[in-house]
Structures are given as structure tokens and as C-alpha cells.
Amino acid sequence: MEDELRKMKFNKLTSELKYLEDELGFVNKILEKVSPEFRTSFHDHMKEIGKDGMLAPKEQEPKPNRAQRRAAKKASKDTQEIFKKIAKKIHPDKNIGLEEAEREKMNNMFSEASEAKEQNNLLKLFIIAKELKLEIGKISREQMAAFEREVSAMRAQIEQSQKSWVYIWAASEEAMKKEIMKGYARYYIDKENKTNSEE
């Protein structure tokens, strides 16, 4: 009975994760599209209120490369095992004889699996394995807890993005955008003044 309940919960989590991935993709697309417009509007507002001198570019830390990201989040034993099963079935070398559309689908799925392995995303790998009808065995309590954490983290990431100044500004009516920009400018100025006073 416990295994059956765990399987049902797993199916629920996989459905939820697919929905959340779509939602996160949508939110990120909005942020990507409106961020340049938001920055331009912000710079214009800062110039209008005579505070554009505060916008001097700051040095940014370089983003970690792929090898550094991989080292920072080493794949667990479970993740490596499920990835090996997926790779045996859909590694690009094994897809050569397939029709072009099917080969492209399998190669994309393999890329998703590789990314999930790098991110130590066991739930995503289980979903891919399930789609491929691979035997994944029993799901342990520890794995289920990890899946729940993954779904919660994605929910939190979406929520955080939707609470960002850029997203709120993008989702607002034109009449409200100016007020939101004023609020963001006050926030930015206060933050900069606090940072400068601490230096």
C-alpha cells in the first residue's frame, strides 16, 4: 500500500513539475522581454530626477563556467544511476538510425537529461525515464523528499520572480508603471546610499 501511495504521489509531483516548468518558462520569458524596457525607463526616470550619477556601472563577478557549475553541484549516486539508464537508451550515438524528427526529439531529451544531471535534478531525470518507459524501481522516502524539495524550490523561484520590480512593472497598467518606477527609484537610491555609507 505504501509503495502504491508513493507512486501516486510521484505521478502528482511529475505533473506539478511539468506545470511549474512551463510557468517558470513563461515568467522568465516575460522578464527577458521587458527587462531592457524597464532599464531604459529606470535610467530615464533617474535622469529626470537628477540622480543618474548614481547609475555608474559596477564591476560584476564573472559567472561560473560549466565546469565550475558542475563541480559546485555534483550529481548524487541516484542521479548518476538514472542518467546512465537514460543515456543507454537515447544517447545521440544510438539515435543515428532514427527518422530526423524522432532523432531530434531524442537528442533534445538527452540534452534535458544532461542538464538535469548537472543540476542534480533527480525528479527531472525520473520524469524523462518515465517518458522513455524505463524501469526506475521503487522510489524511496529519501527520493520522494528530494522530489518535494525540488518542486517547492521551483514554486519559490516563480514566486520570487513574480514579486520582482520588473515583473510587477510589466504586469501593471500604464498608469501604474510610473508609480512603480518611482518606488523602484526610491528603493535603489536608499540601497545605494546605505551601501556607500557602509564603505
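This text follows the structure it describes.
Description of the structure in this document. (Residues numbered from 1 in each chain as written. Predicted model: local features only at pLDDT ≥ 70, side-chain atom pairs only at ≥ 80, totals over all residues. Heavy atoms only, no water.)

Further remarks concern the nonpolar core. Within soluble globular proteins, side chains that are nonpolar generally end up buried alongside one another. With 48 residues, the main nonpolar core has Ile86 and Phe147 as its most contacted residues. Looking at this core, the elements that each hand over two or more residues are α1 (2–48), α3 (77–90), α4 (100–118), α5 (122–131), α6 (141–162), α7 (165–171) and α8 (174–198). It is α1 that provides the largest number of residues to this core, a total of 11 residues. In this view, phenylalanine 147 contacts Phe10, Leu13, Leu122, Leu123, Phe126 and Ile139; residues no more than four positions away in its chain are not counted. (Core = buried A, V, L, I, M, F, W, Y, C linked by side-chain atoms within 4.5 Å. Buried < 20%, exposed > 50% of the residue type's maximum accessible area, 1.4 Å probe, protein only. Helix = DSSP H or I, 4+ residues; strand = E, 2+ residues; numbered from the N terminus. Contact = heavy atoms within 4.5 Å.)

Before going further, it helps to examine the packing of α1 against α5. Look at α1 against α5: their axes get within 10 Å of each other, and the N-to-C directions meet at 105°. Taken together, the axes of α1 and α5 are roughly perpendicular relative to one another. Taking contact as the criterion, the partners of Phe10, Asn11, Leu13, Thr14, Leu17, Lys18 and Glu21 in α1 are, on α5, Leu123, Lys124, Phe126, Ile127, Lys130 and Glu131. Classifying every residue of the contact of α1 with α5 by side-chain character gives six nonpolar, two polar and five charged. (Axes fitted to C-alpha atoms, helices over the stretch in contact; angles between N-to-C directions. Parallel < 35°, antiparallel > 145°, perpendicular 65-115°, else oblique. Nonpolar A, V, L, I, M, F, W, Y, C, P; charged D, E, K, R; others polar.)

Let's shift gears to the packing of aromatic side chains. All told, the structure shown has 12 aromatic pairs when counted by the stated rule. Each ring, one from phenylalanine 10 and one from phenylalanine 126, has its centre 5.9 Å from the other, and the planes form 70°; the classification is edge-to-face. Linking phenylalanine 10 in helix α1 with phenylalanine 126 in helix α5, this pair joins segments that are 116 residues apart in sequence. Measuring from centroid to centroid gives 5.2 Å for phenylalanine 126 and phenylalanine 147, while their planes differ by 65°, and the two rings are edge-to-face. Remark: phenylalanine 147 occurs in helix α6 and phenylalanine 126 occurs in helix α5; sequence separation between them is 21 residues. Judged on exposure class, the residue phenylalanine 126 and its partner phenylalanine 147 are both buried. (Phe/Tyr/Trp six-rings, centres within 6.5 Å; stacked < 30°, edge-to-face > 60°.)

By the definition in use, this model includes nine salt bridges. One salt bridge connects glutamate 159 with lysine 163, and the closest N-O pair in it is separated by 3.2 Å. You can call glutamate 159 partly exposed: its relative accessible area is 44%. Among the salt bridges present, the one from lysine 182 reaches glutamate 179, with a minimum N-O distance of 3.5 Å. Of this pair, lysine 182 and glutamate 179 both sit in helix α8, separated by three residues, roughly a single helical turn. Via salt bridges that share partners, Lys12, Glu16 and Arg155 belong to a single interconnected network. (Salt bridge = Lys/Arg side-chain N within 4 Å of Asp/Glu carboxyl O.)

Residue placement: threonine 14 occurs in helix α1. Engagement of the side chain of threonine 14 in a polar contact is seen with the backbone oxygen of asparagine 11, the distance being 2.7 Å. Sequence-distant contacts of threonine 14, defined by excluding residues within four places in its chain, comprise Leu123, Ile127 and Lys130. (Polar contact = N/O pair within 3.5 Å; in protein donor to acceptor, adjacent residues only side chain to side chain.)

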